[in-house]
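Structure assessment
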Amino acid sequence: MTFELSNPPLPSFARFRSLRAYGAKRTMLRRMEHELISNLHLTGEVLDFGGGETTSYSALLPDGPTVRSVNISQEFKPTDLVEVGAPLPYADNRFDAVTSFNVFEHIQDDVGSLTEVTRVLKPGGSCHIIVPWIYPVHGHPDDFHRHTPSWWFATLQKLGYAQASLLPLVFGRRTSALTVKGRGDKAIRGLVETIAATFDILEARARFKGASHYSGRRGETVWSSAPGWYIHAVKAAA
């Protein structure tokens, strides 16, 4: 299996403003997730694993594909309810793509669930996964995992994927720190975040002159503090 660690884009004031458009009350990670989801290219029949009509991102999924969803809770109005760890109620090789956003960290047997997702994905189909990395424990109903890129590479290879890439979802180390320590009282959250983002932007300009992405060993020191990962994997052809 080929595995690529994708360099995240450098921060800028234009990107900060663009991300703020996804909701000033949301964390930087959630905004980066929503930006990514709104730009996904999906066709055919798609399974949203852990999704439903009332998730915060459902309206961001592209028009065109037929989307089915599974969830353990009726709260999110999924197409189908499933028990945790139960087999998915679909035939092998049914879906052209699978999406799963902030779900696998909540499943103790995440490899078992990944195996089921892989089973229902067509050969050559794409799997789009978002998971947290440096992010506070958030039970819904519980929280079990944070995995490194190496774990994702080894696990996806074992499950039969032909290629995969992992993109760190990071703006900069100072905005990442706010994910952990918080943005302060509501009255000053916007100001605190703007100050952190400004220092991230100025540092990036000084350390990565002329570049468009975090790269090299210096880049690794930034993306290793990413609040989350986006993994795109393609199932091997039959």
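Before reading further, recall that the structure is shown in the block above.
Residues numbered from 1 in each chain as written. Predicted model: local features only at pLDDT ≥ 70, side-chain atom pairs only at ≥ 80, totals over all residues. Heavy atoms only, no water.

Quick look at the overall build of the protein now. A tally of helices and strands in the protein yields 7 helices and 8 strands. In terms of C-alpha radius of gyration, the protein reaches 18 Å, essentially the compact-globule figure of 18 Å for 238 residues. Considering only C-alpha atoms, the protein reaches an extent of 50 × 40 × 35 Å along its principal axes. Scored against the burial criterion, the 238 residues of the protein give a buried share of 47%. Total accessible area on the protein stands at roughly 11500 Å², and carbon and sulfur atoms take up 53% of it. Averaged over its 26 positive side-chain charges, the protein has a centre that lies 11 Å from the centre of its 23 negative ones. (Helix = DSSP H or I, 4+ residues; strand = E, 2+ residues; numbered from the N terminus. Rg over C-alpha atoms; globule rule 2.2 N^0.38 Å. Buried < 20%, exposed > 50% of the residue type's maximum accessible area, 1.4 Å probe, protein only. Areas by Shrake-Rupley, 256 points an atom, 1.4 Å probe, with all protein chains shown as cover. Lys, Arg positive; Asp, Glu negative; His and termini not counted. Charge placed at Lys NZ, Arg CZ, Asp CG, Glu CD.)

Our next topic: the side chain of Glu-35. When you line up the elements, Glu-35 lands in helix H2 (residues 28–38). Ignoring any residue separated from it by four or fewer positions in sequence, one finds Glu-35 in contact with Arg-15, Ser-18, Leu-19 and Tyr-22. (Contact = heavy atoms within 4.5 Å.)

With that out of the way, let us pick up the packing of helix H1 (residues 13–20) against H2. In contact at an axis separation of 9 Å, H1 and H2 are set at 85° when each is read in the N-to-C sense. If you check the angle between H1 and H2, you find them roughly perpendicular. Contact residues: H1 offers Arg-15, Phe-16, Ser-18, Leu-19 and Arg-20, while H2 offers Met-28, Arg-31, Met-32 and Glu-35. When its residues are assigned to classes, the contact of H1 with H2 shows 4 nonpolar, 1 polar and 4 charged. (Axes fitted to C-alpha atoms, helices over the stretch in contact; angles between N-to-C directions. Parallel < 35°, antiparallel > 145°, perpendicular 65-115°, else oblique. Nonpolar A, V, L, I, M, F, W, Y, C, P; charged D, E, K, R; others polar.)

This paragraph deals with the nonpolar core. Counting residues in hydrophobic clusters, the biggest one holds 35 residues, and the most contacted among them are Leu-47, Phe-49, Phe-104, Ile-129, Trp-152, Trp-229 and Ile-231. Every element with two or more residues in this core is listed here: strand S2 (45–49), strand S5 (95–101), helix H3 (110–120), strand S6 (121–132), helix H4 (149–159), strand S7 (161–169), helix H7 (216–223) and strand S8 (228–235). With 4 residues, the single largest contributor to this core is S6. Core analysis: the next-biggest nonpolar cluster, separate from the first, contains 21 residues, Leu-40, Val-46, Ile-130 and Tyr-230 among them. (Core = buried A, V, L, I, M, F, W, Y, C linked by side-chain atoms within 4.5 Å.)

Here we take up a nonpolar patch on the surface. Among the surface-exposed residues, Ile-188, Leu-191, Ile-195 and Phe-199 lie close enough to one another that they form a single nonpolar patch of about 390 Å² accessible area. The residue Ile-188 is located in the loop between helix H5 (173–181) and helix H6 (189–207) in this model. (Patch = residues over 30% accessible without salt bridge, like charges linked within 9 Å, V, L, I, M, F, W, Y side chains within 5 Å. Salt bridge = Lys/Arg side-chain N within 4 Å of Asp/Glu carboxyl O.)

Residues in a regular strand project their side chains so that they alternate between the two faces of the sheet. Two strands pair when backbone bridges link them, and strand S1 (residues 2–5) and S7 are joined in this way by 4 bridges, in the parallel orientation. Each bridged residue has a counterpart across the sheet, and for Thr-2 the counterpart in S7 is Gln-163. As paired elements, S7 and S8 share 8 bridges and run antiparallel to each other. When the bridges of S8 are listed, Gln-163 appears paired with Val-234. (Pairing = 2+ DSSP bridges.)

Before going further, it helps to examine the packing of aromatic side chains. In total, this model carries 9 aromatic pairs according to the counting rule given. With a centroid separation of 6.0 Å and 55° between ring planes, the pair formed by Phe-16 and Phe-171 is classed as tilted. Taken together, the positions of Phe-16 in helix H1 and Phe-171 in the loop between S7 and H5 put the pair 155 residues apart, joining distant regions of the chain. Residues Phe-16 and Phe-171 agree in their burial class; the two are buried. Put simply, the rings of Trp-133, Trp-223 and Trp-229 touch in pairs and so form one group of aromatic residues. (Phe/Tyr/Trp six-rings, centres within 6.5 Å; stacked < 30°, edge-to-face > 60°.)

The next subject is H4. The complete set of buried residues in H4 reads Pro-149, Trp-152, Thr-155, Leu-156 and Leu-159. All buried residues of H4 lie within an arc of 130° about the axis, which places them on one face of the element. Exposed and facing more than 90 degrees away from the buried side of H4 are Ser-150 and Lys-158. Of the surrounding elements, those touching the buried residues of H4 are S1, H3, S6, S7, H7 and S8. Trailing H4 by a residue or two, Gly-160 shows a phi angle of about 100°, which is positive. (Arc of directions from axis to C-beta.)

Pairing between the strands of a sheet is mediated by backbone hydrogen bonds and can be parallel or antiparallel. Strand order in the open sheet formed by 8 strands is S1-S7-S8-S6-S5-S2-S3-S4, and the pairing between neighbours is mixed. The strands lining the two open edges of the sheet, one partner per strand, are S1 and strand S4 (80–81). Looking at chain direction, S2 and S5 are connected through 3 bridges and run parallel. Opposite Leu-47, over in S5, you have Val-98 as the bridge partner. Lying over the sheet, H4 contacts S1, S6, S7 and S8, oriented at roughly 160° with respect to S7.

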